[in-house]
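Listed here are the chains, written in short residue letters.
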Amino acid sequence: MAQALSGCRPRPFRLCGNILLRDAPGQAGVPVSGEGKRKRALRRHARKALNQSLGECYKWKPDRLYSLSSLWSASIVETAAEKQRDSVLTQHQPQPRDAAAGEKHWHWILLGLGVAVTLAIYLAHMGTTFVDWDLVAYRDILHSTDYLKTTVSLFADLKGKVVSGYYAPLSSVSLMLDKFFIGSNSPVPWFTLFLNILFHCLNGILVFQLMRAVGAESDVAVLAALIFLLHPVQVSSVLWFAQRKGLMATAFYLGAYLAFIRFTRRGSAATYAAALSLFVFAVLAKPTVVVFPVALCVTALLVAPRVGPSLLEFTRHEPASAPGERPAQGVVGGGSRDRTPSTLGFLKANLMPVAPFFLVAILSGLLAMGSEHLSMEAEGIPELSLTERPVIAGATVWFYLAKVLFPSGLSPIYPRWQVDISEALWWLPSIALVGAMVLVWLYRAKIGSLSIWCLLNFLIPLAPVCGLLKFAYLRLSFVADHFLYLPMVGMCGLLAISAGRARSQARGGARTAVIAGILAYLIVCAIQTSLYARAWNNSISLWTYNLQRNPGNWTAANYLGHAFMGAGKGQDAIGAFRNTLTWKQQYIDERLEKALLLERAGNREAAAKEQAEAARVKTTLAVALHNLGNAYLLSDLPAQAAEQYTRAVKLEPTFGKALTNLGVANIAMGKYPDAIAMLTRAVELDPNNFEAHYNLGFALRVSGDRALSDKHFQKARQLRPHVPPPQFPAPGTESGE
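First things first, this report covers the structure right here in the doc. (Residues numbered from 1 in each chain as written. Predicted model: local features only at pLDDT ≥ 70, side-chain atom pairs only at ≥ 80, totals over all residues. Heavy atoms only, no water.)

### Observations regarding the overall build of the chain
At step 1: For the chain, the helix and strand inventory stands at 32 helices and six strands.
At step 2: Per-residue burial for the chain yields a buried fraction of 50% across its 737 residues.
At step 3: Residue pairs in contact within the chain that sit at least 24 positions apart in sequence constitute 73% of those at least 6 positions apart.
At step 4: Surface accessibility of the chain: about 33900 Å² in total, with carbon and sulfur atoms responsible for 61%. (Helix = DSSP H or I, 4+ residues; strand = E, 2+ residues; numbered from the N terminus. Buried < 20%, exposed > 50% of the residue type's maximum accessible area, 1.4 Å probe, protein only. Contact = heavy atoms within 4.5 Å. Areas by Shrake-Rupley, 256 points an atom, 1.4 Å probe, with all protein chains shown as cover.)

As structure tokens, this is what we get:
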């Protein structure tokens, strides 16, 4: 039979599931009879070969056909280097040029439609002001017009003094230059947000390209990009101006990814240099992308090896071969046939190019840790024990997975979990995560390299922000939507692959139901994104929304109070700041009460930790009292303002701002001696305190000490030349005071 078939003209064949089958006359490639074991062996072998590295091409040889049944035959697979999986379908399933071009055209049309919908949603709810979240930290660079000097200072700022937090100069320079591009000397919020939206759309297109590069079908890649573009968890990254760093870093990250995959196929030095350069730009935009080399290792081993088949081929037993078949052979670059390399040689050949990326990641990580450490010391970040960190990490992974699958209840700031490792319930997420990874490993052959690659590209970018490492945001919450922006690349790919498999395996009405489910999920995402984006229109709407989703969050209440003050709503600000104080005091009392119970139970270590947490929050009460005093002062209630400032100074005697404003409140009440005393203390604490010098000069002038008054006015003029001193009546005229 084999000899007879070997001389026959090869018939066309098509893709059936994961296997290429030769069409028998009238059978459309579906076997109707045959020996079950031999059939399954051949199918396993074909699936194994088709899931090998993307640099391999599978050619069917008509002189190597083996009988599987009397009605159909199949051919063994021969590998050749530097061809993509799509070339298999193009070569062995030829179709009219117009049809192939039309299919490809439709994928780009769908992607363009997704980009258009994304633009429509975000542009409709794009605010004309910056939301007051980290606005103080970025205020100087947003208003800077000395572009060269500020750029140099940002790149030289290794301690996070220009912009507090980790070392990310490139994204800060980008925010500063936004106004330059449209010829303005002051920040233009709508333009900054518009550029954020464009970055998001670009990242969606890059997600499509990346999924295609690692072997996903076009429809799967389009679906992954659409989920990435339309999912509501992306809103905070797009409409929060400070997350320009996440958007820029993701763009460079994905660009570096594509360049590296291209390098693995062609071995071009130019593409390798481009990948490394883009990665450097990515870590300068946001250092949390330092995990990129780990993702490259996963990619080199699973979906785009330079040498040999994928890693799964080294960990999987060879399937039984049909009679006369030879096992698929590995490919060594350049297309020459060779035996499969040893495991050590395989790892060395595929991982060595990643070494320079690890070097860049280590340097960036050290810079980020140095600047972030200073920020954490200033803000008093709570300590996490080594046993608490994996517990938190496991919980965050499942939390994010739930938010991706069920995009509801999103919030700018989520409640901060009170983790108690003595309770078994807190260990369940981590145990479940380990169990899930074990199942993935056991069923790796069935799951497939691409799905595992997507899963790992969801988990790897989460590693720096899942609670395993200490960073400043942990004082607010262990989870945040903007931490999920880059991991969404892998999760969107996994969802798209799962949906594609469900669609291909379904038949008839079930297939229609799967397609309807995919469309419904995209529509729900678009609607949720539109509703959530509306809350980001301005600071008042954002923090009001946050308090509705997360009642009792004093951070949101504090930001809301500042937003009311900016809008001139003093009474509303008083209410917001009172809530901040009340909720902080309640939290402190709860921690102290819990510490007392733990101490009585003999658990002194846990009691000391609760007391330390209460003390940490107590140090922030002075700022809350100062903010409440400001709200009273804005509402023309200087006596109540002075009371809050006095309480703040008692808690923190060196609080210069509280001393300055206490002096201002005393001036408003006509108590000039008290004002002079407070303002003098403020000047002694900070000789460059403009407000203290200015108001002290005013109080001294009213009190009759003109010489000393002029001295302080002169100092104030040196600090802020654009602010003129107050005008007083000339000597001998009626003062009107």
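After that view of the structure, there is still more to cover.
### Concerning the packing of helix H22 (residues 509–535) against helix H23 (residues 539–549)
At step 1: H23 packs onto H22 with a crossing angle of 115° between their chain directions and a minimal axis gap of 7 Å. Residues Tyr-532, Arg-534 and Ala-535 of H22 form the contact with H23, whose participating residues are Ser-541, Leu-542 and Tyr-545.
At step 2: Among the residues making up the contact of H22 with H23, the classes are represented as four nonpolar, one polar and one charged. (Axes fitted to C-alpha atoms, helices over the stretch in contact; angles between N-to-C directions. Nonpolar A, V, L, I, M, F, W, Y, C, P; charged D, E, K, R; others polar.)

### Some words on the pattern of salt bridges
At step 1: Scanning all chains against the criterion turns up seven salt bridges.
At step 2: Asp-219 is paired through a salt bridge with Arg-503; the nearest N and O atoms lie 2.4 Å apart. Taken together, the positions of Asp-219 in helix H9 (residues 218–230) and Arg-503 in helix H21 (residues 488–505) put the pair 284 residues apart, joining distant regions of the chain.
At step 3: Note on Arg-503: relative accessible area 26%, which makes it partly exposed. (Salt bridge = Lys/Arg side-chain N within 4 Å of Asp/Glu carboxyl O.)

### Things to note about helix H6 (residues 147–156)
At step 1: Within H6, burial applies to Tyr-147, Thr-150 and Leu-154. One side of H6 carries all its buried residues, which in axial view fall inside an arc of 70°. Summarising the geometry of H6, the exposed residues directed more than 90 degrees from the buried face are Leu-148, Lys-149, Val-152 and Ala-156.
At step 2: Where the residues of H6 are buried, they touch helix H5 (135–143) and helix H7 (169–181). (Arc of directions from axis to C-beta.)

### Observations concerning the nonpolar core
At step 1: Within the largest apolar cluster, 178 residues are counted, with the highest numbers of intra-cluster contacts made by Met-211, Phe-241, Tyr-257, Phe-357, Trp-453 and Trp-536.
At step 2: Non-local contacts of Met-211, meaning those with residues more than four positions away in its chain, are made with Ala-216, Ala-221, Ala-224, Trp-453, Cys-454, Gly-493 and Ile-497. (Core = buried A, V, L, I, M, F, W, Y, C linked by side-chain atoms within 4.5 Å.)

### Points about the packing of aromatic side chains
To describe a pair of aromatic rings, one takes the distance between the centres and the angle between the planes.
At step 1: According to the stated counting rule, one finds 35 aromatic pairs in the structure shown.
At step 2: Both rings, one in Trp-133 and one in Trp-543, keep their centres 5.3 Å apart while their planes meet at 70°; by these two values the pair is edge-to-face. Placement of the pair is Trp-133 in the loop between helix H4 (97–124) and H5 and Trp-543 in helix H23, with a sequence separation of 410 residues.
At step 3: The class of Trp-133 is buried, set by a relative accessible area of 2%.
At step 4: In this structure Trp-543 comes out as buried when scored by relative accessible area, which is 0%.
At step 5: Aromatic pair Phe-399 and Tyr-414: ring centres 5.1 Å apart, planes at 80°, arrangement edge-to-face. In this pair, Phe-399 sits in helix H17 (residues 388–405) while Tyr-414 sits in the loop between H17 and helix H18 (428–442), placing the two residues 15 residues apart along the sequence.
At step 6: The buried category is assigned to Phe-399, whose relative accessible area is 18%.
At step 7: Overall, the relative accessible area of 5% leaves Tyr-414 in the buried class.
At step 8: Within the aromatic cluster, the residues linked to one another by ring pairs are Tyr-253, Tyr-257, Phe-260, Phe-263, Tyr-272, Phe-279, Phe-292, Phe-357 and Trp-453.
At step 9: Of note, Arg-444 hangs over the ring of Trp-441, and the distance from its end group to the ring centre comes to 4.1 Å.
At step 10: We note Arg-591 situated over the ring of Tyr-587; from NZ or CZ to the ring centre the distance is 5.1 Å. (Phe/Tyr/Trp six-rings, centres within 6.5 Å; stacked < 30°, edge-to-face > 60°. Lys NZ or Arg CZ within 6 Å of the ring centre and 35° of its normal.)

### Topic: the environment of Ile-431
At step 1: Within the secondary structure layout, Ile-431 lies in helix H18.
At step 2: For Ile-431, a relative accessible area of 53% corresponds to the exposed category.
At step 3: Residues Ile-431 and Pro-390 lie 41 residues apart in sequence; the distance between their C-alpha atoms is 9.9 Å.

### Considering helix H32 (residues 706–719)
At step 1: Between its first and last C-alpha, H32 extends 20 Å over 14 residues, near the 20 Å set by a 1.5 Å rise per residue.
At step 2: All of the buried residues in H32 are Ser-709, His-712, Phe-713 and Ala-716. One side of H32 carries all its buried residues, which in axial view fall inside an arc of 100°. Pointing more than 90 degrees away from the buried face of H32 are the exposed residues Ala-707, Lys-711, Gln-714 and Gln-718. (Expected span 1.5 Å × (residues − 1).)

### Side note on empty space enclosed by the protein
At step 1: In the structure shown here, the tally under the stated rule is six cavities of 30 Å³ or more.
At step 2: Lining of the largest cavity is provided by 16 residues; of these, Lys-286, Thr-288, His-482, Phe-483 and Leu-486 occupy positions nearest its centre.
At step 3: Among the elements that take part in the lining of the largest cavity, helix H11 (residues 244–266) stands out by supplying three residues, more than any other. (1 Å grid on protein atoms, 1.4 Å probe; cavity = no way out; pocket = protein on both sides within 12 Å on 5 of 7 lines; lining within 4 Å. Points joined across faces, edges and corners; volume = space filled by probe spheres on them.)

### Focus on the packing of helix H8 (residues 189–213) against H11
At step 1: Between H8 and H11, the least distance of the axes is 9 Å, while the angle of their chain directions is 25°. With respect to H11, the axis of H8 lies roughly parallel. Here the hand of the crossing between H8 and H11 comes out left-handed. Along the contact surface, H8 presents Thr-192, Leu-195, Asn-196, Phe-199, His-200, Leu-202, Asn-203, Leu-206, Val-207, Gln-209, Leu-210 and Ala-213, while H11 presents Arg-244, Leu-247, Met-248, Thr-250, Ala-251, Leu-254, Gly-255, Tyr-257, Leu-258, Ile-261 and Arg-265.
At step 2: Split by residue class, the contact of H8 with H11 holds 14 nonpolar, seven polar and two charged. (Parallel < 35°, antiparallel > 145°, perpendicular 65-115°, else oblique. Left-handed = near helix turned anticlockwise from the far one by under 90°.)

### Considering unusual backbone geometry
At step 1: Unusually for a residue other than glycine, Asp-134 sits at a positive phi of about 65°.
At step 2: Inspection of the secondary structure puts Asp-134 in the loop between H4 and H5.

Interpretation in functional terms is not warranted from these geometric data alone.
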